[in-house]
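# Close look at the chain arrangement
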Amino acid sequence: MTMTTLLSSRFISLRFVHRTPCVFTSHCWQASLSTQTSSAHEASRNTAAETVTPVFQHALKFSDRVALKDRHGTYTYQGLFNSSNEFARQISESISGRVQERIAFLCHNDASYAITQWACWMSGQIAVPLTSQHPPALQEYYIRNCEASVLVTTADFVDVVEPLATKTNAKLLVLDEALRRQAMAPTPGTQISLFESGLSPEFYRDSDALIIYTSGTTGAPKGVVISHKNIQAQVSSLTEAWGWSQDDAILHVLPLHHIHGIVNVLLCSQASGARCVMLPKFDASVVWNHLLGKNVSNNEEINVFMAVPTIYVKLLEEYERMVAKDPSLQEHVYNTCSQKIRLMVSGSAPLPAPLFKRWEDVTGHKLLERFGMSETGMVLSNPLNGERKPGFVGTPLPGMEVQITRPGSESKYEILVHSSAAAGTTVLSKETTTGDLLVRGPNVFNGYWKMPEATKKEFTDECWFKTGDTAQYAEGAFKILGRSSVDIIKTGGYKVSALEIETHLLGHPDIIDCAVVGLPDNTWGQKVAVVIVTRGGKNIILLQLREWCKKRMALYAIPTMAKIVESIPKNALGKTNKKELIKKMFPETVKSQLD
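To keep things clear, this report deals only with the structure shown in the data block. (Residues numbered from 1 in each chain as written. Predicted model: local features only at pLDDT ≥ 70, side-chain atom pairs only at ≥ 80, totals over all residues. Heavy atoms only, no water.)

### Quick look at the packing of helix α14 (residues 327-340) against helix α15 (residues 353-363)
- Close contact between α14 and α15 brings their axes to 7 Å; oriented N to C, the two are set at 100°. Viewed along their axes, α14 and α15 adopt a mutual orientation that is roughly perpendicular. Facing Val333, Tyr334, Cys337 and Ser338 of α14, the residues of α15 in contact are Glu360, Asp361, Val362 and Thr363.
- In the contact of α14 with α15, the residues fall into 4 nonpolar, 2 polar and 2 charged. (Axes fitted to C-alpha atoms, helices over the stretch in contact; angles between N-to-C directions. Helix = DSSP H or I, 4+ residues; strand = E, 2+ residues; numbered from the N terminus. Parallel < 35°, antiparallel > 145°, perpendicular 65-115°, else oblique. Contact = heavy atoms within 4.5 Å. Nonpolar A, V, L, I, M, F, W, Y, C, P; charged D, E, K, R; others polar.)

### Focus: the nonpolar core
- Trp288 and Phe305 are the most contacted members of the largest nonpolar core, which totals 119 residues.
- For this core, the element with the highest residue contribution is helix α5 (residues 111-122), accounting for 9 residues.
- Contacts of Phe305, omitting those with residues within four sequence positions, involve Ile250, Leu251, Val253, Val287, Leu291, Ile311, Tyr312, Leu315, Leu343, Met344 and Val345.
- Core analysis: the next-biggest nonpolar cluster, separate from the first, contains 23 residues, Ile143, Leu151, Leu164 and Ala170 among them. (Core = buried A, V, L, I, M, F, W, Y, C linked by side-chain atoms within 4.5 Å. Buried < 20%, exposed > 50% of the residue type's maximum accessible area, 1.4 Å probe, protein only.)

### Some remarks on the sheet that holds strand β26 (residues 511-521)
- The strand order across the open sheet built from 3 strands is β26-β27-β28, with neighbouring strands paired in mixed fashion. Of all strands in the sheet, those with a lone pairing partner are β26 and β28 (561-564), marking the two edges. Across the sheet, the mean angle from the axis of one strand to that of its neighbour is 25°, orientation sign disregarded.
- Bridge analysis of strand β27 (residues 525-534) against β28 gives 4 bridges, and the strand direction is parallel. Opposite Ala529, over in β28, you have Met561 as the bridge partner.
- Across the sheet, helix α17 (residues 498-505) is in contact with β26 and β27; its angle to β26 comes to roughly 145°.
- Packing of helix α19 (residues 578-585) onto the sheet brings it into contact with β26, β27 and β28, and relative to β26 it is tilted by some 80°. (Pairing = 2+ DSSP bridges.)

See the structure below:
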């Protein structure tokens, strides 16, 4: 039995172990600072050198304010702080006071997640969030890859996590329900001061906070290492740009193992003293109730909403089913959303123009579209106040710089457009403003976990991060035209690797060759399709193939279309031209794009 019982709550001494910083990215950030000459950038440089305040320490400013509302009840900032501090001691004791250990955790979308995340940071550890959407094999990969010392979960997930702890030789800690309940009603007079929790300011300035796994073009998920300094830069940038305040209340319906749900929604609300209303999962009718303030308590009323395009599609489907035939209800929806909701944001996947327009017709809101990724946080955003155009992702957020480039001579690249929040945009090319998007700033990650060569490959010699996206500057704003590589598919707000899916499919006993592609889809952004060569020409039923895939990959990565062929065209190097394959195998998709 590997389950660890609740540990003693006494204070313990911590053995400090200094982290070896990512030399390449640290050098890059210093280099980027040295190239910024405006007074605004100078101020940004001075701020970056100051103390980093981890998010949990902001809670001390908001004490009795409601921080979170979940399916169980309501939690104040002080309540979450107290329970997190208690759990931090238990984590520290379980690893003999070491710091910067990786703590992988699987929790519901509720207060248990917030308590565990804060506890990891209070005890000086690196949080590695897992999701129940992934099969155990993928969860095991993450745990082994990051070399997690401890697995944290709740009683509901013990049956899933305990075998993983046994396989990976990690300690298992089960968050006691009593700690979560305690956070709902903190004992009067138990307020803890800043000096009784967390570690030194210097520790948070120099340490890592989070590892988020993402799929790259090589097919193997990579751990994106994000520091406390990165998080502070990301949160500060977004709270300034999007006008966050303690009067805000946001509805959280997103996964909590991606940057969108973690930083944009949860951490921004916590740093601002706002209220986060957290649903256990997305449900269109429940979301509409919150947007309209129907059958909800005062602590469940919201004025900010962020989601992926797929969620907005599902909400419109529910609207058509319940509201579209009743003019009085239509007017009620429009008036309520336009008057009571101050901000609605869409991200993680391209927002189709028809969806942008239909949502505006229904709610009066022009969705604020932005661009970011795990490695960089948010980079570009349409304005909080100002024109928002469908298909555009705005201009650089505070603290960020971007360039659009194209390959030049002697392995160099030509800068077509340069833009920063402080200095504005300069167009350097008279020919074109379309090319590869590069990013630089304090938001940018430390590197991929234990992959220095892969990290270095993603940066230019001048320390710009290569996003892998093709962008265009037009009409005073940036537009993302798509991935530079066709092997990254964005479906329902998730990025999936075609090569990773192919690797799994080639493990099927009846598949000898395959090519995975992304096809445009109004609901999901892209849908995953596969062209298959079977052993002996055997027929494969898609439904059966999907069932086989469920044991090996995330649900959103499983193909929804399949075509069987005798052979897949390849060049002399054994590579498939996937753009040509789509035209040949899915001509209806090409036609729909032209239409």
